[in-house]
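# Inside the fold
So the chains spell out like this:
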Amino acid sequence: MLKKSSLVLWGAALFIAWNGLLLLFLWSRPTSPPDGDLLTAQVIRLAQDAETELERQKQLLHQIHRYSRLWGRRPRGPGTPKPPPPPPPPPSPSPPQPTEPGGTVLPVLVLACDRSTVRRCLDKLLRYRPSAQQFPVIVSQDCGHAETARVIASYGDAVAHIRQPDLSDIPVPAEHRKFQGYYKIARHYRWALGQVFRTFRYRAAIVVEDDLEVAPDFFEYFQAAFPLLLADRSLWCVSAWNDNGKEQMVDVAQAELLYRTDFFPGLGWLLLAELWDELEPKWPRAFWDDWMRQPEQRRGRSCVRPEVSRTMTFGRKGVSHGQFFDQYLKFIKLNDRFVPFTQLDLSYLKKDEYERSFLPKVYSAPEVRVEELQGNRRRELGTVRLQYSGRDSFKAFAKALGLMDDLKSGVPRAGYRGIVSFIYRGRRVYLAPPSDWTGYDPSWS
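Residues numbered from 1 in each chain as written. Predicted model: local features only at pLDDT ≥ 70, side-chain atom pairs only at ≥ 80, totals over all residues. Heavy atoms only, no water.

## Here's the deal with the overall build of the protein
Filter applied, for reference: Secondary structure elements are defined from DSSP: runs of H or I of at least 4 residues count as helices, runs of E of at least 2 residues count as strands, and each element is numbered from the N terminus. What makes two residues a contact is simply this: any of their non-hydrogen atoms within 4.5 Å. For accessible areas, the Shrake-Rupley method is used with a probe of radius 1.4 Å. Any residue's cover is judged against the shown protein chains and nothing else.
Broken down by element type, the protein carries 12 helices and 15 strands. Across the protein, every contact between residues at least 6 apart in sequence was considered, and the portion connecting residues at least 24 apart equals 75%. Per element, the accessible surface of the protein, about 23400 Å² overall, is 56% carbon and sulfur.

## A few points about the sheet that holds strand S6 (residues 235–239)
What counts, and what does not: Paired strands are those between which DSSP finds at least two bridges. Angles shown run from 0 to 180 degrees and are taken between the N-to-C directions of axes, each axis being a line fitted to C-alpha atoms and, for helices, limited to the stretch in contact.
Read from one edge to the other, the open sheet built from eight strands follows the order S3-S2-S1-S4-S8-S6-S9-S7, with strand pairing classed as mixed. Strands at the two margins of the open sheet, each flanked by one partner only, are strand S3 (160–163) and strand S7 (258–261). Strand-to-strand twist of the sheet, defined as the mean angle between neighbouring strand axes without regard to direction, takes the value 25°. Pairing of strand S4 (residues 204–209) with strand S8 (residues 269–272) involves four bridges; the strand directions are antiparallel.

## Concerning the pairing of strand S2 (residues 137–141)
Put simply, the test is: The classification of residues rests on relative accessible area computed with a 1.4 Å probe and restricted to protein chains. Under 20% of the type maximum is buried, over 50% is exposed, and intermediate values are partly exposed. When the strands point away from the viewer, a crossover counts as right-handed if the path from the first strand over the helix to the second runs clockwise.
Burial of S2 is extensive: five of the five residues sit out of reach of the surface. Pairing analysis gives five bridges linking strand S1 (residues 108–112) to S2, with the strands arranged parallel. Across the sheet, residue alanine 112 finds its bridge partner in S2, namely glutamine 141. Between the parallel elements S1 and S2, the chain passes through helix H3 (residues 118–128) in a crossover that is right-handed. Alignment of S2 against S3, held across four bridges, turns out to be parallel. Each bridged residue has a counterpart across the sheet, and for glutamine 141 the counterpart in S3 is arginine 163. One crossover worth recording links S2 to the parallel S3 by way of helix H4 (residues 146–153), and it is right-handed.

## Concerning the state of the cysteines
Two cysteines joined by a covalent bond between their sulfur atoms form a disulfide. Counted only if it meets this: Two cysteine sulfur atoms make up a disulfide if the distance between them is within 2.5 Å.
Evaluated as defined, the whole model comprises two disulfides. Two residues share a disulfide in this structure: cysteine 113 and cysteine 143, whose sulfurs sit 1.6 Å from each other. For the disulfide bridge between cysteine 113 and cysteine 143, the dihedral angle about the S-S bond is near -90°, and by the sign convention the bridge is left-handed. A residue pair is termed long-range when its members are at least 10 positions apart, and cysteine 113 in the loop between S1 and H3 and cysteine 143 in the loop between S2 and H4 qualify at 30 residues. Here cysteine 237 is linked by a disulfide to cysteine 303, with a sulfur-sulfur distance of 2.0 Å. Looking down the S-S bond of the cysteine 237 and cysteine 303 bridge, the torsion is 115°, so its handedness is right-handed. Remark: cysteine 303 occurs in strand S9 (residues 302–306) and cysteine 237 occurs in strand S6; sequence separation between them is 66 residues. Classification of cysteine 237 as buried rests on a relative accessible area of 1%. In this structure cysteine 303 comes out as buried when scored by relative accessible area, which is 0%.

## Topic: the packing of aromatic side chains
As a reminder, the rule being used: For Phe, Tyr and Trp, where Trp contributes only its six-membered ring, two rings pair if their centres lie within 6.5 Å, and the inter-plane angle classes them as stacked under 30 degrees, edge-to-face over 60, or tilted in between. Should the NZ of a Lys or the CZ of an Arg lie within 6 Å of a ring centre and within 35 degrees of the ring normal, that charge is described as sitting over the ring.
Evaluated as defined, the whole model comprises 26 aromatic pairs. Ring centres 5.5 Å apart and planes at 75° place the aromatic pair phenylalanine 179 and phenylalanine 287 in the edge-to-face group. One end of the pair, phenylalanine 179, is in the loop between S3 and helix H5 (180–199); the other, phenylalanine 287, is in the loop between helix H7 (273–279) and helix H8 (288–292), with 108 residues separating them in the sequence. Exposure remark for phenylalanine 179: the relative accessible area of 23% places this residue in the partly exposed category. Residue phenylalanine 287 is classed as partly exposed on the basis of its relative accessible area, which comes to 27%. With a centroid separation of 5.2 Å and 85° between ring planes, the pair formed by phenylalanine 218 and phenylalanine 219 is classed as edge-to-face. The burial state of phenylalanine 218 is the same as that of phenylalanine 219; both residues are buried. Each member of the aromatic cluster is reached from another via a ring pair, and the members are Tyr189, Trp236, Phe264, Trp269, Trp276, Trp283, Trp288 and Trp291. Sitting above the plane of the tyrosine 259 ring, arginine 305 keeps its charged end 4.1 Å from the centroid.

## A word on the confidence of the model for the protein
Low pLDDT marks regions whose predicted coordinates should not be analysed in detail. So the rule is basically this: Known as pLDDT, the predictor's confidence for each residue is given on a scale from 0 to 100.
On average, residues of the protein score 85 in pLDDT, and 75% of them reach the 70 mark or higher. Every residue in residues 29–41 is under pLDDT 50, and counting partners more than four places away or in other chains gives four contacts. Predicted confidence is poor over residues 67–100, with pLDDT under 50, and the contacts of this stretch with residues over four places away or in other chains come to 22 contacts.

## Topic: the side chain of arginine 187
The cut-off we apply is this: Whenever a nitrogen or oxygen atom comes within 3.5 Å of another N or O atom, the pair is scored as a polar contact, on the condition that within protein one atom can donate a hydrogen and the other can accept it, and that pairs from neighbouring residues in sequence are kept only if both atoms are in side chains.
With respect to the helices, strands and loops of the structure, arginine 187 is situated in helix H5. In this structure the side chain of arginine 187 is engaged in a polar contact, spanning 3.1 Å, whose partner is the backbone oxygen of aspartate 166. Engagement of the side chain of arginine 187 in a polar contact is seen with the backbone oxygen of serine 168, the distance being 2.8 Å.

## A short note on unusual backbone geometry
The phi torsion at arginine 299 lies on the positive side, around 50°, for a residue other than glycine. Structurally, the position occupied by arginine 299 is in the loop between helix H9 (295–298) and S9. Of note in the backbone geometry, asparagine 376 takes a positive phi value of approximately 60° without being a glycine. Looking at the secondary structure, you find asparagine 376 in the loop between helix H11 (370–374) and strand S11 (384–387). In this structure asparagine 376 comes out as partly exposed when scored by relative accessible area, which is 30%.

## What to know about empty space enclosed by the protein
Vacant regions in the atomic arrangement are exposed by a probe of water-molecule size rolled over the atoms. Here is the rule we go by: Space inside and on the surface of the protein is sampled on a 1 Å grid over the protein atoms alone, with a cavity defined as a set of points where a 1.4 Å probe fits but cannot get out and a pocket as an open set with protein on both sides within 12 Å along at least 5 of 7 lines; lining residues have an atom within 4 Å of a point. Grid points are joined across faces, edges and corners, and a volume is the space filled by probe spheres set on the points. Gly falls in the polar group here, along with every residue not listed as nonpolar (Ala, Val, Leu, Ile, Met, Phe, Trp, Tyr, Cys, Pro) or charged (Asp, Glu, Lys, Arg).
Taken as a whole, this structure holds one cavity of 30 Å³ or more when the rule is applied. Of the voids in this model, the largest cavity is the one considered here, and its volume is about 30 Å³. Lining the largest cavity, in full, are Tyr259, Arg260, Arg305, Tyr354, Phe358, Ala414, Tyr416, Ile419 and Ser421. Of the residues that constitute the lining of the largest cavity, the class distribution is six nonpolar, one polar and two charged.

## A short note on the nonpolar core
Using the following cut-off: For the purposes of this section, nonpolar cores are sets of buried Ala, Val, Leu, Ile, Met, Phe, Trp, Tyr and Cys residues that join through side-chain atoms within 4.5 Å.
By size, the foremost hydrophobic cluster in this structure holds 53 residues, and its most contacted members are Val110, Leu122, Leu125, Phe218, Leu270 and Phe358. Broken down by element, the residue count for this core peaks at nine residues, all from helix H6 (residues 218–231). Sequence-distant contacts of leucine 270, defined by excluding residues within four places in its chain, comprise Leu106, Ala204, Ala205, Ile206, Phe222, Phe226, Leu229, Trp236, Cys237 and Val238. Core analysis: the second largest hydrophobic core is formed by 28 residues, Ala186, Phe197, Phe264 and Trp276 among them.

Written as structure tokens, this is what we have:
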């Protein structure tokens, strides 16, 4: 079928050809001079004929235009070939960044090394990912392990596979030779985060390791918390992890409940590009997560963490040789109920609002002794508070109740202003310092 433009061209060509033939006819007439009156009459008649023909040509062109417009508005049938699409625009040198927080691209950076079980991590990420455009998955591989590389490559275009180029050993102090792995991990983190924020120029990123499995609402959680991280500068990360998230120590019926915490949890966490601008120049050579927990890095800021974890670890094998895994990590409850966080009001997590509601709730709870908790007595009190007065009493109570008892720069795991919230024998307990608490003591580490 002719397109609109083709019909117009054919009509114009027909018009020109007809007038050309008319002129040729006039020029080819005999040149013998008739008498004056006859010549005048012939000229007048030819002029009239030409004018009539020109009017017919105008009408023909109008018809061509009218039919071509009607043809352009005609619906295409199933068998009508579509015009070829316009050529795609040239690729952008950096990924697109929507300006609205709700639509910002949040890449998931997966740190991988030599675990071919990375498949378990990637399978769940791709299964629960609501949008490949909003949540691109980037797998950064260290170690050069061939089998792990083959597993990652098997996902094709579903993930981006980048490789840390420097696989050399790192010179370390003699007393740290057995910690070579921790140095390599810190080097890999620095390179991979540099790729995300410097090369790809993303606004924020969700960081996970290759031994983490994610919950069904993992992406929903981070998408909802991202605007909060932008708005409240007293926050510096959002984590999917609850360090005390063993099944018997969380309220699974309150899977929507979120907290502020002064302890950097890691294990599936969201950070902004601005934080990387701050951390990159002083990034440590080893033990990056404990370095993040130092006052010089935390600078009084907090993270958001859930009541029920949105990640769980299945990686007993690693540089830590299973430290904490058998005692704590393998018992962490992974949330299995989708919570529509993007439809919830999370403004209660902003610092001023949180402290106006959370602190009175803690310190108005009746105080009990640890023996009463262990004996399951005074249950009629409901939510209760167990008060500690120093490092030793904190550690003693934490061990007695099954909490993680280690402190980093004086900060307890999952704690906020020294308060740790958990479930013990079916009721809410706040392990808390006195109400006149003035700050963390780094010597408690």
